[in-house]
Amino acid sequence: MTGDDSGGFQAGRSGLIVRVPEAEPAVRAWRDRLDPSARAGVPAHVTVLFPFLDESRIDNGAFAAIRDVIGRHRPFEARFERCGRFPGILYLLPEPNIPFRRLTEAIAQRWPETPPFGGQFDEVVPHLTVAQGQDDAVLEEAEADVRGRLPVTARVSSVDLMVHDGTRWQQRASFTLR
């Protein structure tokens, strides 16, 4: 969830992510230092949809709808072999990225009032953020180190609902791909 500096979020903000625990050995030290979302409790992940519904809107009906949408997708493998950059941001690219895009599209279609990243971008690029808000020299150092720890292969079998409690991000639920 790019831009996840815990100081700027109110309790109840939510997002849907795919955890990538297999990437933690390669990225954790850098994320802990250079990604505010890591310090706020978000594990290594690829964002499916952020921001999502306010927690006050996530009732049993919403849980059932999320479960239904996510459950239409099959588990898959993703491989992280390359780094990419946005201005001030270093990330890992998942390959293939189509299954991540399909998850995002399905959730955004079901909840059109929650466009990916608030509608800021014309194209959503699935990625795993390593560092954000950094100058090029820091990103180059991190990239050189992370590249030496790749590739990482992950099995994607669920999507997690994360909710901000006013201080940290907490997992509220996990939805299985079937």
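Residues numbered from 1 in each chain as written. Predicted model: local features only at pLDDT ≥ 70, side-chain atom pairs only at ≥ 80, totals over all residues. Heavy atoms only, no water.

Q: Sorry, what's going on with unusual backbone geometry here?
A: P51 follows F50 through a cis peptide bond whose omega is -10 degrees. You can see P51 is positioned in the loop between β2 (45-49) and α3 (60-71). Residue P151 is bonded to the preceding L150 through a cis peptide linkage, with omega at 10 degrees. With respect to the helices and strands, P151 occurs in the loop between α5 (136-147) and β6 (152-156). A positive phi angle, near 55 degrees, is found at F117, a position not held by glycine. For F117, the location among the structural elements is in the loop between α4 (98-110) and β5 (128-132). (Helix = DSSP H or I, 4+ residues; strand = E, 2+ residues; numbered from the N terminus.)

Q: When you look at the sheet that holds β5 in this model, what are you seeing that I'm missing?
A: Within a sheet, each strand pairs with its neighbour through backbone hydrogen bonds, oriented either parallel or antiparallel. Strand order in this open sheet of four strands is β5-β4-β3-β6, and the pairing throughout is antiparallel. Each edge of the open sheet carries a strand with a single partner, namely β5 and β6. The average undirected angle you get between the axes of adjacent strands in this sheet is 30 degrees. Pairing of strand β3 (residues 76-86) with β6 involves five bridges; the strand directions are antiparallel. Looking at β6, one finds that F80 is bridged to V152. Across the sheet, α4 touches β3, β4 (89-95) and β6, and the angle it forms with β3 is around 90 degrees. In the packing of α5 onto the sheet, the strands contacted are β3, β4 and β5, and the crossing angle to β3 comes to about 150 degrees. (Pairing = 2+ DSSP bridges. Axes fitted to C-alpha atoms, helices over the stretch in contact; angles between N-to-C directions. Contact = heavy atoms within 4.5 Å.)

Q: Could you clarify how one ought to interpret the side chain of H45 in this entry?
A: With respect to the secondary-structure elements, H45 resides in strand β2. The exposure class of H45 is buried, given its relative accessible area of 3%. Polar side-chain contacts of H45 include one of 3.3 Å to the side chain of T47. (Buried < 20%, exposed > 50% of the residue type's maximum accessible area, 1.4 Å probe, protein only. Polar contact = N/O pair within 3.5 Å; in protein donor to acceptor, adjacent residues only side chain to side chain.)

Q: What is the right way to read the sheet that holds strand β7 (residues 158-164) from this model?
A: Across the sheet, which stays open at both edges, the four strands sit in the order β2-β1-β7-β8 with antiparallel pairing between neighbours. The two strands at the open ends of the sheet, each matched to only one other strand, are β2 and β8 (169-176). Ignoring which end each strand starts from, the neighbouring axes of this sheet average 35 degrees apart. Relative to β2, strand β1 (residues 14-19) runs antiparallel, the two being bridged by four bridges. By the bridge assignment for β2, I17 is matched with T47. Across the sheet, α3 is in contact with β7 and β8; its angle to β8 comes to roughly 55 degrees. Each of β1, β2 and β7 is contacted by α4, which is oriented at about 30 degrees to β2, the strand it contacts most.

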